[in-house]
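Chain residues, written in single-letter form:
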Amino acid sequence: MADSVTARTPKRSLRTLAPKQSLGKTILQYKYFYLMVLPVLIWYALFSYAPMYGVTLAFKSFNYSKGILGSPWIGLENFQTLLTDPDFRRAFWNTVIISLMKLITHFPMPIILAIVLYEFSRTKMKRFFQTILTFPHFISWVVLSGIIINILSKDGIYNQIIMLFGGDPNSPLVDESAFRPVLYITHVWREIGWDSIIYLAALAGINPELFEAAEVDGANRFRRLLNIAWPGLKSTVAVLLILQVGQLLTQGSSFEQIFNLYSSPVYSVADTIDTYIYRTSFTIGSDFGYTTAVGVVKSIISLILLWAANTFAKKMGEEGLY
C-alpha cells in the first residue's frame, strides 16, 4: 500500500506543477511532429475510414443501378442467411482453428530464435543465420507456393524419397490430415526470422553489465535468461501478442498462403472466411450484401479477441494498448 502511494505521488505533483495549455497551443508548439504524422492520418482517413460507409451493404440488398446509397434496406436478412449457411460455418471454424494453431506454433518460435541468436552474439555465425532465416519473408507466397508445390507434388522430391524407402506416393497438399501441418510449418519457416528482429532489438536494449554481473555471480545461462532477458522481453512480447491476436482472423489465416496452396480435395479443412468470400464473390455469384455481412462478423470477432488479449496483458501486469 505504501509503495502504491509513493508511486502515485510524483504523478500528482507533475500534474499540479505542469502548466495548463490549450490544444491549439500544443499543436503549434509541436507543429513539426504533427506535420510528420499528417500523411499517415490522411492515408487512414482516405483508405481505412472513408470506405467504411460500404459496411451499410451488410444491411441492404445491393442493386447495381441504384448504387450503395440507393439500394433497399433489408435489416438482418444477410446475417440470418450466413448463420444458416453450412459452408460459412465450415469456413468460420477452419479460420479459427488455423489461426489459433498458427499463433500457438509460430508465436514462441521468434522469441526462442532471438534468444539463441543473442546467446551466440559473439560468434560470426549470428549474422549469417539471421540473414538466411530472414530472407524467406521477402519472397511472396506466390513464389513460395510454387516451390512448395514442386517439392510436395506426387512427382516431387518428397514422394521420390518416400518411394526410395518403399512407401506409397501421396501429396500432403491433397491430404486432409496433412494439409494444415504444411500450413503451420511453411508459415513458421517464412516468418520466424523476420519476427525475431524486434525481439533481438529488445534484447540489445538490455544493459550488458547485468549479464556480466550475473555471470560473475555464477548464474548459468538459464538463470540469466529467466532473471534478466525475460523481464526485458516481457513487455515487447505482450504488445506483439496483442497485435497478432488482433489480426488473428486476417493475417493469421493468411489468404495468400492458403489460396495458392489449397485445392478442392482439402476444402473441408482449408477453406477460411477470406477464401470463402473470394469464391462466393467471383466464382459462385456476386452478392455484395452477403459477403459484406461475412466481413462484418469477422471484424466483430477480431475486435472481441483484441479486447480479450489487451485485458489479459493488463492482468499480467503490462500496460496494454489502451
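No experiment lies behind these values; they were computed from the predicted model shown.

Conventions adopted
Residues numbered from 1 in each chain as written. Predicted model: local features only at pLDDT ≥ 70, side-chain atom pairs only at ≥ 80, totals over all residues. Heavy atoms only, no water. Helix = DSSP H or I, 4+ residues; strand = E, 2+ residues; numbered from the N terminus. Buried < 20%, exposed > 50% of the residue type's maximum accessible area, 1.4 Å probe, protein only. Areas by Shrake-Rupley, 256 points an atom, 1.4 Å probe, with all protein chains shown as cover. Phe/Tyr/Trp six-rings, centres within 6.5 Å; stacked < 30°, edge-to-face > 60°. Lys NZ or Arg CZ within 6 Å of the ring centre and 35° of its normal. Salt bridge = Lys/Arg side-chain N within 4 Å of Asp/Glu carboxyl O. Axes fitted to C-alpha atoms, helices over the stretch in contact; angles between N-to-C directions. Parallel < 35°, antiparallel > 145°, perpendicular 65-115°, else oblique. Left-handed = near helix turned anticlockwise from the far one by under 90°. Contact = heavy atoms within 4.5 Å. Nonpolar A, V, L, I, M, F, W, Y, C, P; charged D, E, K, R; others polar. Core = buried A, V, L, I, M, F, W, Y, C linked by side-chain atoms within 4.5 Å. Expected span 1.5 Å × (residues − 1). Bend = angle between axes of the 7 residues up to and from the residue.

> Describe the overall build of the chain, naming the residues involved and giving the relevant values.
When helices and strands are counted, the chain shows 17 helices and zero strands. For the chain, the proportion of its 322 residues judged to be buried stands at 34%. Of the roughly 20600 Å² of accessible surface on the chain, a fraction of 67% belongs to carbon and sulfur atoms.

> Quick rundown of the packing of aromatic side chains? Include the residues and the values.
Applying the stated criterion to the full structure yields 17 aromatic pairs. Considering the side-chain rings of Y30 and F33, the 6.2 Å spacing of their centres and the 55° angle between planes classify their relative orientation as tilted. A residue is classified by how much of its surface remains accessible, and Y30, at 38% relative accessible area, is partly exposed. On the basis of relative accessibility, which here comes to 57%, the residue F33 falls in the exposed class. Relative to Y278, the ring of F255 has its centre 5.9 Å away and its plane inclined at 55°; by these criteria the two rings are tilted. Within this pair, whereas F255 is found in helix α14 (residues 255-261), its partner Y278 is found in helix α16 (residues 273-284), the two being separated by 23 residues in sequence. A residue is classified by how much of its surface remains accessible, and Y278, at 33% relative accessible area, is partly exposed. Grouping aromatic residues by their ring pairs yields a cluster made of F255, F259, Y262, Y267 and Y278. Seen from the ring of W73, K60 lies directly overhead, with NZ or CZ sitting 4.5 Å from the centre.

> Which residues make up the pattern of salt bridges, and what values do they have?
Two side chains of opposite charge can pair, provided their charged atoms sit close to one another. Across all of its chains, the model carries three salt bridges by this definition. Of the charged contacts, one joins R90 and D271 as a salt bridge, the two residues approaching to 3.4 Å between their closest N and O atoms. Of the two residues, R90 sits in helix α6 (residues 86-106) while D271 sits in the loop between α15 (267-270) and α16, which places them 181 residues apart along the sequence. Overall, the relative accessible area of 26% leaves R90 in the partly exposed class. Among the ionic pairs, R190 bridges to E191, the shortest N-O distance being 2.5 Å.

> Summarise the packing of helix α9 (residues 141-152) against helix α11 (residues 176-204); cite the residues concerned and give the values.
Where α9 contacts α11, the axes come no closer than 12 Å and their chain directions differ by 130°. Taken together, α9 and α11 sit at an angle that is classed as oblique. Handedness of the α9/α11 crossing: right-handed. Taking contact as the criterion, the partners of W141, L144, I148 and L152 in α9 are, on α11, V182, T186, H187, W189 and R190. Of the residues in the contact of α9 with α11, the class split is six nonpolar, two polar and one charged.

> Give a description of the nonpolar core that names residues and reports values.
Counting 28 residues, the largest nonpolar core has F107, I111, Y199, L203, F211, L233 and V237 as its most contacted members. Where this core is concerned, the elements lending two or more residues are α7 (108-119), α11, α12 (208-216), α13 (221-246) and α17 (288-315). Broken down by element, the residue count for this core peaks at eight residues, all from α13. Dropping the residues within four chain positions of it, F211 is found in contact with Y118, I206, R224, I228 and A229.

> Tell me about the environment of M316, and please be specific about residues and values.
Its location among the elements puts M316 in the segment after α17. Distance from M316 to A238, taken between C-alpha atoms, is 8.7 Å for residues 78 residues apart in sequence.

> Break down α11 for me, citing the residues and quoting the values.
Because an α-helix completes one turn every 3.6 residues, residues spaced three or four positions apart along the sequence face the same direction. Over its 29 residues, α11 extends 43 Å from the first C-alpha to the last, a length consistent with the 42 Å expected when each residue adds 1.5 Å. Most pronounced at I192, the bend in α11 amounts to some 45°.

> So, the side chain of N94: which residues are in play, and what are the values?
The topology assignment puts N94 in helix α6. Those residues in contact with N94, other than ones at most four positions away along the chain, are R180, Y267, S268, V269, A270 and D271.

> I'd like a description of α7, backed by residues and values.
Taking 1.5 Å of rise per residue, the 12 residues of α7 would be expected to cover 16 Å, and the 17 Å separating its terminal C-alpha atoms lies within 8% of that figure. All of the buried residues in α7 are P110, I111, L113, A114, I115, L117 and Y118.

> Which residues make up the side chain of T292, and what values go with them?
Tracing the backbone through its elements, the reader meets T292 in helix α17. Residue class for T292 comes out buried when judged on its relative accessible area of 19%. When near neighbours in sequence (up to four residues on either side) are disregarded, T292 contacts G54, V55, L57 and A58.

Purely geometric stuff here, so don't read any function into it on its own.
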